[in-house]
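# What the coordinates show
So the chains spell out like this:
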Amino acid sequence: MRDSPAGYRRPEVIAQVPAHQAQMIDAVCPGANIRHSAGDLEAEYHPVWGPLVGVRLGWSKDDELRRNASSGGGLSAILAQLLTTGAVDYVVQTSVSPESPVRNALKISTGRDDVFHSAGSRYAPSSPLEDIGKRLDADGRFAFVGKPCDVAGLRQLARHDPRVNEKVPYMLAFMCAGVPSYRGTSALLKEMGVTDEADIAAFRYRGDGWPGFATAELSDGRRFQMDYDTSWGSILNRHLQFRCKICPDGIGEFADIVCADGWHCDDNGNPMFDEQDGRSIVLTRTRKGEELVMEAIDAGMLVTQPLSIDAIAQMQPFQARRKGMVLPRLAAMAAVRRKRPRFADLALAENTRRLGLKESLRSLLGTLRRLLAGQGTE
Ligand SMILES: Cc1cc2nc3c(=O)[nH]c(=O)nc-3n(C[C@H](O)[C@H](O)[C@H](O)COP(=O)(O)OP(=O)(O)OC[C@H]3O[C@@H](n4cnc5c(N)ncnc54)[C@H](O)[C@@H]3O)c2cc1C
Ligand code: SF4
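## Regarding the side chain of Ser 363
Tracing the chain through its elements places Ser 363 in helix 15 (residues 357-372). Taking the relative accessible area as the measure of exposure, Ser 363 reaches 8% and is therefore buried. Beyond its immediate sequence surroundings of up to four residues, Ser 363 is in contact with Met 325, Pro 328 and Arg 329.

Take a look at the structure:
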């Protein structure tokens, strides 16, 4: 994997791929294909929110971790639980690169402190599966944390490669609205007032509170900040790759556990981004995911409270509508003869019906306009 000139993370072709491997990639790669397998689903399938065993709000009982994390530290609390009990030997996750405070890197975590330092959202490309072949051959069992598409890819690999279920007992994801390129990070830093990225000693996109601030600390001690609503809503989300615009699973349907921001809402039902004590939506999608959350609660690592399924849509209004936009956008791709990924068993048609004719047409025409203008190739 390498960073492309446009600032995305892309596989590099280093040799001819034999036909049987090309077939495997086509079956497993989430860029080509995402589908549930009837045998994989252990819970009732909610058309909008996917398979659901347990629905909760939660946060880390460890106040430092809760503050350092992205929302409530739900994911990190569960990872810390897994490492503390020895249920896994290590965790594969994404953290700040040791080479640059504004780049991401795959991180192998073996204890609570590693998990603590990797907590928080990094709104830039990541490739936590980049050495998966080597990892599946190596000793030890690990928990995997990634974007929903990373987890879908690993789950689909498990259908063909028995090492996955032997070596990866837990797969965790966060809800994902899309990955901005590193150009997004540069645009953000510029808007924050940082003139030279080489001067940055430390950088975070959010966290240290909920949602916290994008914060850059320079080597000379100066500090630059920007609030979450502006950094994500006005800058970073303008740098998303096209694949994220047709993503049928931003909600981690293939994970054992998925966490998301449990935003408080105003009287009109709109999420509010003023600073609060963090809280995560914690959804379990498999029986072992549910058992793990119960263990983390019993061990005093995770605090939870009940949440109704209907409340998820209020806290995550974009994700609630998003699956509905996929078929209209794929139709726009078909109209200009663009190759499309294959998505199945994700209730996309039902979500498009829920979205309604007007919004669906708007999605189709907007995508068509962008494609005809030559966009959507990133
Ligand atoms: C690109 C991106 C888009 C997101 N979109 C949404 C959204 O639409 N709705 C929503 O509610 N939440 C979204 N989030 C996630 C959200 O910000 C929180 O991560 C989520 O609420 C879980 O919080 P937590 O406190 O439990 O996580 P933490 O305990 O802070 O753990 C976060 C975990 O995510 C991993 N991680 C961080 N950045 C990346 C990355 N780039 N790639 C892979 N792994 C990473 C870390 O290694 C860590 O394990 C997004 C995050 C990212 C990185
Ligand atoms: S939006 Fe979908 S395709 Fe894009 S990074 Fe997130 S999970 Fe992957």
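## A short note on the state of the cysteines
This model, assessed by the stated rule, comprises zero disulfides. The thiol sulfur of Cys 259 is not disulfide-bonded, and the nearest other cysteine sulfur, from Cys 176, lies at 14 Å. Take Cys 259: its relative accessible area is 4%, and that puts it in the buried class. For the unlinked cysteine Cys 265, the closest cysteine sulfur is that of Cys 259, found at 18 Å.

## With respect to the environment of Leu 365
Looking at the element boundaries, Leu 365 is found in helix 15. Its relative accessible area of 48% is what places Leu 365 among the partly exposed residues.

## Considerations on the site of ligand 2
Lining the immediate environment of ligand 2, one finds Lys 147, Pro 148, Cys 149, Cys 176, Gly 178, Val 179, Arg 243, Cys 244, Cys 247, Asp 249 and Arg 322. Secondary-structure elements contributing two or more residues to the shell around ligand 2 are helix 6 (148-158) and helix 10 (242-245). In terms of residue class, the shell around ligand 2 is built from six nonpolar, one polar and four charged.

## Section: helix 13 (residues 317-335)
For an α-helix, the turn length of 3.6 residues means that residues three or four places apart are oriented alike. With 19 residues, helix 13 ought to run about 27 Å at 1.5 Å a step, and its terminal C-alpha atoms sit 29 Å apart, in line with that. Approximately 35° is the largest bend angle found in helix 13, and it occurs at Lys 323. Listing the buried residues of helix 13 in full gives Gln 319, Arg 322, Lys 323, Gly 324, Met 325, Val 326, Pro 328, Arg 329, Leu 330, Ala 332 and Met 333. Lining the buried residues of helix 13 we find strand 4 (45-46), helix 10, strand 17 (342-344), helix 14 (348-355) and helix 15. A positive phi of about 60° marks Arg 337, the residue just after helix 13.

## With respect to unusual backbone geometry
Geometrically, the link from Trp 210 to Pro 211 is a cis peptide bond, its omega value of 0° lying close to zero. Although it is not a glycine, Asp 208 adopts a positive phi angle of roughly 55°. Relative to the assigned elements, Asp 208 resides in the loop between strand 11 (200-204) and strand 12 (213-218). Residue classification places Asp 208 among the partly exposed positions, given a relative accessible area of 35%. Phi is positive for Arg 337, close to 60°, though the residue is something other than glycine. Judged by its relative accessible area of 78%, Arg 337 falls in the exposed class.

Basis of the calculations
Residues numbered from 1 in each chain as written. Chains lettered and ligands numbered in written order. Predicted model: local features only at pLDDT ≥ 70, side-chain atom pairs only at ≥ 80, totals over all residues. Heavy atoms only, no water. Helix = DSSP H or I, 4+ residues; strand = E, 2+ residues; numbered from the N terminus. Buried < 20%, exposed > 50% of the residue type's maximum accessible area, 1.4 Å probe, protein only. Contact = heavy atoms within 4.5 Å. Disulfide = S-S within 2.5 Å. Near = heavy atom within 4 Å. Nonpolar A, V, L, I, M, F, W, Y, C, P; charged D, E, K, R; others polar. Expected span 1.5 Å × (residues − 1). Bend = angle between axes of the 7 residues up to and from the residue.

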